[in-house]
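Remarks on the overall topology
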Amino acid sequence: MTQSTYWNRIAEKAKKENRPFFSLAPMEAVTGSVFRRVVEKAAAPDVFYTEFTNALAITHPLAKEATKGRLYIDPKEDPKPIVQLWGNSGEDFAKAAVEVKKQGYEAIDINTGCPDIAVIKNHSGSDLIRHFDTAKEVIEGAREAGLPVSVKTRLGFSEISEYKKWIPFLLEQQVPVLTVHVRTKEEMSKVPAHYELIDDLVKMRDEIAPDTLLQINGDIMNYQDGIKLAQEHPGVDGIMIGRGIFSDPFAFEKEPQQHSSTELLNLLRYQLDLYDEFVAKGIPGHFAPLQRFFKIYVRGMKHAAEIRNDLMQTKTTDDARKVIDKIENNEY
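The rules we used
- The residue numbers shown here count from 1 along each chain, following its written sequence.
- The model is predicted, so local features are restricted to residues of pLDDT at least 70 and side-chain atom pairs to those at 80 or more, both for listing and for counting; the totals for chains, interfaces and linings are taken over all residues.
- Just so you know, side-chain values use all the structure's heavy atoms and leave hydrogens and water out.
- UniProt positions are given in the numbering used here, feature names are shortened, and annotations may be inferred rather than shown by experiment.
- Strands here mean DSSP runs of E at least two residues long; helices mean DSSP runs of H or I at least four residues long; both are numbered from the N terminus.
- To estimate how far a helix should extend, the number of its residues minus one is multiplied by 1.5 Å.
- What makes two residues a contact is simply this: any of their non-hydrogen atoms within 4.5 Å.
- We define the nonpolar core as a collection of buried residues of types Ala, Val, Leu, Ile, Met, Phe, Trp, Tyr and Cys that are connected through side-chain atoms lying within 4.5 Å of one another.
- For every residue, the accessible area obtained with a 1.4 Å probe (protein chains only) is divided by the maximum for its type, and the residue is called buried under 20%, exposed over 50%, and partly exposed between those limits.
- Centres within 6.5 Å make a pair out of two Phe, Tyr or Trp rings, where for Trp the six-membered ring is used; the pair is then stacked when the planes are under 30 degrees apart, edge-to-face when over 60, and tilted otherwise.
- Note on definitions: salt bridges are taken to be side-chain nitrogens of Lys or Arg within 4 Å of carboxyl oxygens of Asp or Glu.

An unreviewed UniProt entry annotates the protein as tRNA-dihydrouridine synthase originating from Candidatus Companilactobacillus pullicola. We quote the UniProt Cofactor (unreviewed entry) comment for the protein here in full: "FMN". A UniProt comment under Function (unreviewed entry) is attached to the protein, and it reads "Catalyzes the synthesis of 5,6-dihydrouridine (D), a modified base found in the D-loop of most tRNAs, via the reduction of the C5-C6 double bond in target uridines."

In structure tokens, the structure reads:
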């Protein structure tokens, strides 16, 4: 097993149930405290991550206030999330690691796969795939607080073949978990995930770092997809679901069930209530990012396009509740 008791606990629980562990992918403006609690209520994975947060900003006097919303953990959250950090300086990661440990985080994940242009220009995210020395520096910096440090990455920056050097390099760092989104940065999500390479990734892991847990990400829509993928590729320890949650908030449900429009609307009401609680705490929050979630709840309903359009015109949670009332009163 890994050198991390934190990750051993997660892996052992899943192993006892004869399955891989499951996680919700860290997603910008998505996996904050509010939506994590919505997914937890619907059907919780084993692992949650925060939105990715700039390591430098966490302790920078002018920027740290802006990270409060990203790093906020509600006392009711269970399990508590892993903090995902991005950046390009070992010193920044070392300072950030100390701070997030103080805030109660038990594990850190480093983003070396983000394809966002602004992040790449900052020599961070997937740009680290082109700079092994910087990647090593940030991993070592993050470890200085004594928390387990995992890594999320892609196969390569522009060429698939880059994985043959990049993945072994990351495995040599002996991280407790390596999550691989099986596409390159250039491919974004425009091509099917390269599942044909998973067995090779497992082989690399077994030869270089047998104690590292291997987690796969890309095109996995729900729990059943994840189970199937793990069965087809023995040696995969974990499954990460990202965009699948936008197709179905119950994506982590072990036994898939039909969910009524009433259940979905109640879940939306729950998200709106949590959002109001979040803002009431004085944490910076914006209504616009909340709108990206509306399509999750109305997919498949009669008049879905009209309802979604009305929801997108809303400016407040009360406006959104009025639209829900209209749906429930059959006014569409």
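Description of helix H12 (residues 261-280)
Its 20 residues give H12 an end-to-end C-alpha distance of 29 Å, which sits within 8% of 28 Å, the value for a rise of 1.5 Å per residue. On its buried side, H12 packs onto helix H2 (33-43), helix H4 (68-71), helix H13 (287-291), helix H14 (294-298) and helix H16 (317-328). Backbone geometry just downstream of H12 places Gly282 in the positive-phi region, at approximately 85 degrees.

Quick word on the nonpolar core
Among the nonpolar cores identified, the biggest contains 107 residues, and Trp7, Ile108 and Leu201 are the most heavily contacted of them. Among the elements that take part in this core, H12 stands out by supplying 8 residues, more than any other. For Leu201, the contacting residues outside a window of four places in its chain are Leu155, Tyr163, Ile167, Val180, Val182, Leu214 and Ile216.

Considering the packing of aromatic side chains
Inspection of the entire model under this criterion finds 13 aromatic pairs. With a centroid separation of 5.7 Å and 80 degrees between ring planes, the pair formed by Tyr6 and Trp7 is classed as edge-to-face. Classification of Trp7 as buried rests on a relative accessible area of 0%. Measuring from ring centre to ring centre gives 6.5 Å for Phe22 and Phe252, while their planes differ by 85 degrees; the resulting arrangement is edge-to-face. With Phe22 in strand S1 (residues 21-24) and Phe252 in the loop between helix H11 (244-247) and H12, the pair connects residues that are 230 residues apart, well separated along the chain. When sorted by exposure, Phe22 lands in the same class as Phe252, which is buried. Counting every residue linked through ring pairs, the aromatic cluster contains Tyr6, Trp7 and Phe21.

Quick look at the pattern of salt bridges
For the coordinates displayed, the defined rule picks out 29 salt bridges. Two residues, Asp206 and Arg205, come together in a salt bridge whose shortest N-O distance is 2.8 Å. Looking at Asp206, the relative accessible area reads 43%, which means it is partly exposed. Given a relative accessible area of 5%, Arg205 falls into the buried group. Across the salt bridge formed by Asp237 and Arg205, the nearest N and O atoms sit 2.6 Å from each other. One end of the pair, Asp237, is in the loop between helix H10 (223-232) and strand S8 (238-241); the other, Arg205, is in helix H9 (residues 198-208), and 32 residues separate them in sequence. Among the residues examined, Asp237 registers a relative accessible area of 23% and is labelled partly exposed. What emerges from the salt-bridge pattern is a single network uniting Lys13, Glu17, Arg19, Asp46 and Lys254.

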